[in-house]
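# Chains, contacts and geometry: an overview
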Number of protein chains: 2
Amino acid sequence: MSISASAADDSVSAGELSARYDNFVVDLLGSIAYGELSAFERLATDARHSPSLADRAVLGKMAVAEYGHYESMCARLNAIGMDPELAMAPYQRMVDAFHERTRPADWHESLMKAYVVEAITEEFYAAIAKNLDEPTQLAIAAVRTSDEQLAALTALLKKMLAEDPRLSSRLALWGRRMVGEALTQVQRIGAKHSFLVGLRPDGTQEQAAAEVAVIVSALTRNHSRRMSQLGLTA
Amino acid sequence: MSISASAADDSVSAGELSARYDNFVVDLLGSIAYGELSAFERLATDARHSPSLADRAVLGKMAVAEYGHYESMCARLNAIGMDPELAMAPYQRMVDAFHERTRPADWHESLMKAYVVEAITEEFYAAIAKNLDEPTQLAIAAVRTSDEQLAALTALLKKMLAEDPRLSSRLALWGRRMVGEALTQVQRIGAKHSFLVGLRPDGTQEQAAAEVAVIVSALTRNHSRRMSQLGLTA
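Because the structure is predicted, anything quoted here is derived from the model rather than measured.

## A look at the packing of helix H4 (residues 107-129) of chain A against helix H6 (residues 147-163) of chain A
All names here are of chain A. Between H4 and H6, the shortest axis-to-axis distance is 10 Å and the interhelical angle comes to 140 degrees. Between H4 and H6, the interaxial angle falls into the category oblique. Between H4 and H6 lies a crossing of left-handed hand. Only Leu153, Thr154, Leu156, Leu157 and Met160 of H6 make contact with H4, whose side of the interface consists of Trp107, His108, Leu111, Met112, Ala114 and Tyr115. Among the residues making up the contact of H4 with H6, the classes are represented as nine nonpolar, two polar and no charged.

Structure (structure tokens):
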């Protein structure tokens, strides 16, 4: 079966489309689940390097929320009869490698990583989810950092930058590295697994790739806006 | 004022006793709070080294529960008008040093550390709490690993030991190191801060030290029982 079969092409049966869609959903939920589990562990580890106990709670709270997201993704996978462990396995190496490449050198970089990567990840999920069936959509919509937590993180970063203006250029650079890595990750996951095809189960790989390009440019714009909010150039 | 003033000695006023007791409670809550925050971060970090994704959740779940305990200790400190950060600060170095000395080399040691240290810590708190005012008692009673989590941890350790019998001697040795470090820690905290005196606000330091000795021997007995449950010698 050619993967470039168009919507009008009868060679792709409804059954095949449906199987393709199901695989896509499992892949998506599995990648989110592992991403959240991994974010939980990394944020909790990073929290340890906080200079003050009060600040430490900002990443700690985020980490705990990520664990909740991981559990709700597992629950959704179980609900559709899939083993979460099997669904997560294909993403383990890729996500771990991402965290190795983006290991923060200090507390400042930990906060900035959380700020940049969480937002991009969640926007990516949200952008993909809007084409999906309602239960999947709802499950993915629940995987969001609370506004309260985001506000606390933003406030902390602003305070940090105000107290030490020399941080600005370093963190702007680090932010650029983070966004580069995050967008590369998004595209890699898209290319390696069934994401591209799954985005439009009845479409061609080219159509799906074009859609990913649109998503990536929206993610980039929003990232620039968030960096401006901190007074940094993206 | 002599610290060895006996209960019958009028030189210790009721006001002094009450201030001593309050300090003790703040010290106790502060040390628990920091211990829990720290356990959260260490367990989440250790969870990463799990050989399987399913097993990973055992330490992850425990870590998340510890964070909840940390938050409830902070809430209690706030309720009695104390700054959690100030209350925790005196314990930070001591607890961090404990974790440095007991850093697990692998997944097996992580599980065993969780099994030994969590239980001893909680029993220590419980033993101290039983002499305290009711709100403090209730706050401390809430800081317990759930039976479900403990059962999951025990099952995992048993499975691990059954699958690889050579682990037994290594983990028995590691367990002995953990209990030694944990009991030393208990005594150090007791000696360094107001714990000893606080245990019996109207008693002498000697009486309090005797009480700690009783607690430590109970902790040791219970630890031996838990090791036997795993088929290991304590």
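Now that the structure is up, let's keep going.
## Topic: the environment of A:Val116
Residue and element names in this part refer to chain A. Mapped onto the elements of the fold, valine 116 is located in helix H4. The exposure class of valine 116 is buried, given its relative accessible area of 1%. Those residues in contact with valine 116 that sit more than four places away from it in its chain are Gly175, Met178, Val179, His223 and Met227.

## What about the interface of chain A and chain B?
If you look at the interface, chain A gives 25 residues, while chain B gives 25 residues. Buried area between chain A and chain B, summed over both chains or domains, comes out near 2300 Å², and the portion from carbon and sulfur atoms is 52%. Three residues, A:Glu41, A:Arg48 and A:Leu53, lead the burial of chain A against chain B; their summed loss comes to 28% of the area buried on that side. As a salt-bridge pair, B:Lys61 and A:Glu71 come within 2.7 Å of each other at their nearest N and O atoms. In this structure, the connection of chain A to chain B is made through 15 residue pairs in polar contact (both at pLDDT 80 or more). Of all the elements in the fold, those that place two or more residues in the side of chain A that touches chain B are helix H1 (14-47), helix H2 (53-79) and helix H3 (84-101) of chain A. Among the elements that line the side of chain A that touches chain B, the one with the most residues is H2(A), at eleven residues.

## Here we look at the confidence of the model for chain A
Residues and elements named next belong to chain A. Mean pLDDT over chain A: 86, with 89% of residues reaching 70 or higher. Helix H8 (residues 195-199) is the least confidently modelled element of chain A, averaging 58 in pLDDT, while H3 averages 93, the highest of any element. Counted against residues more than four places away or in other chains, residues 1-10, with its pLDDT under 50, gives 16 contacts. Across the interface, the model reports ipTM at 0.81; the global pTM reads 0.85.

## Here we look at helix H4 (residues 107-129) of chain B
For H4(B), built from 23 residues, the straight-helix expectation of 33 Å at 1.5 Å per residue is met to within 8% by its first-to-last C-alpha distance of 33 Å. With a side-chain oxygen positioned 3.2 Å from the backbone nitrogen of B:His108, the residue opening H4(B) is B:Asp106.

## Points about the pattern of salt bridges
In the structure shown here, the tally under the stated rule is 18 salt bridges over all chains. Where B:Glu123 meets B:Arg226, a salt bridge forms, and the shortest distance between an N and an O atom there is 2.9 Å. Here B:Glu123, found in helix H4, pairs with B:Arg226, found in helix H9 (residues 205-229); they are 103 residues apart in sequence, far enough to count as distant. Each member of the pair, B:Glu123 as well as B:Arg226, is classed as buried. Here the salt bridges share partners, and the residues they tie into one network are A:Arg42, A:Glu100 and A:Arg103.

## Quick look at the relation of the copies chain A and chain B
The transformation that overlays chain A on chain B combines an axial shift of 0.0 Å with a rotation of 180 degrees, and the residual RMSD is 0.0 Å. Read as a symmetry element, the transformation amounts to a two-fold axis. The share of interface residues of chain A whose copies in chain B are also at the interface is 100%, consistent with both copies meeting through the same surface.

## Comments concerning the packing of aromatic side chains
Scanning the entire structure with this criterion turns up eight aromatic pairs over all chains. Between B:Tyr21 and B:Phe24 the ring centres are 6.5 Å apart and the planes differ by 55 degrees, which places this aromatic pair in the tilted class. Placement of both B:Tyr21 and B:Phe24 in helix H1 (residues 14-47) is noted, with a separation of three residues, approximately one turn of the helix. Comparing B:Tyr21 with B:Phe24 shows no difference in burial state: the two are buried. A centroid spacing of 6.4 Å and a plane angle of 45 degrees characterise the contact between B:Phe124 and B:Tyr125, whose relative ring orientation is tilted. There is no split in this pair, since B:Phe124 and B:Tyr125 are both buried. Ring pairing ties together the aromatic residues A:Phe40, A:Tyr67 and A:Tyr70, which thus form one cluster.

Rules and cut-offs
- Residues numbered from 1 in each chain as written.
- Chains lettered and ligands numbered in written order.
- Predicted model: local features only at pLDDT ≥ 70, side-chain atom pairs only at ≥ 80, totals over all residues.
- Heavy atoms only, no water.
- Axes fitted to C-alpha atoms, helices over the stretch in contact; angles between N-to-C directions.
- Helix = DSSP H or I, 4+ residues; strand = E, 2+ residues; numbered from the N terminus.
- Parallel < 35°, antiparallel > 145°, perpendicular 65-115°, else oblique.
- Left-handed = near helix turned anticlockwise from the far one by under 90°.
- Contact = heavy atoms within 4.5 Å.
- Nonpolar A, V, L, I, M, F, W, Y, C, P; charged D, E, K, R; others polar.
- Buried < 20%, exposed > 50% of the residue type's maximum accessible area, 1.4 Å probe, protein only.
- Buried area = accessible area lost by both parts, 1.4 Å probe.
- Salt bridge = Lys/Arg side-chain N within 4 Å of Asp/Glu carboxyl O.
- Polar contact = N/O pair within 3.5 Å; in protein donor to acceptor, adjacent residues only side chain to side chain.
- pLDDT = per-residue confidence, 0-100.
- Expected span 1.5 Å × (residues − 1).
- Least-squares fit on C-alpha atoms with pLDDT ≥ 70 in both.
- Phe/Tyr/Trp six-rings, centres within 6.5 Å; stacked < 30°, edge-to-face > 60°.

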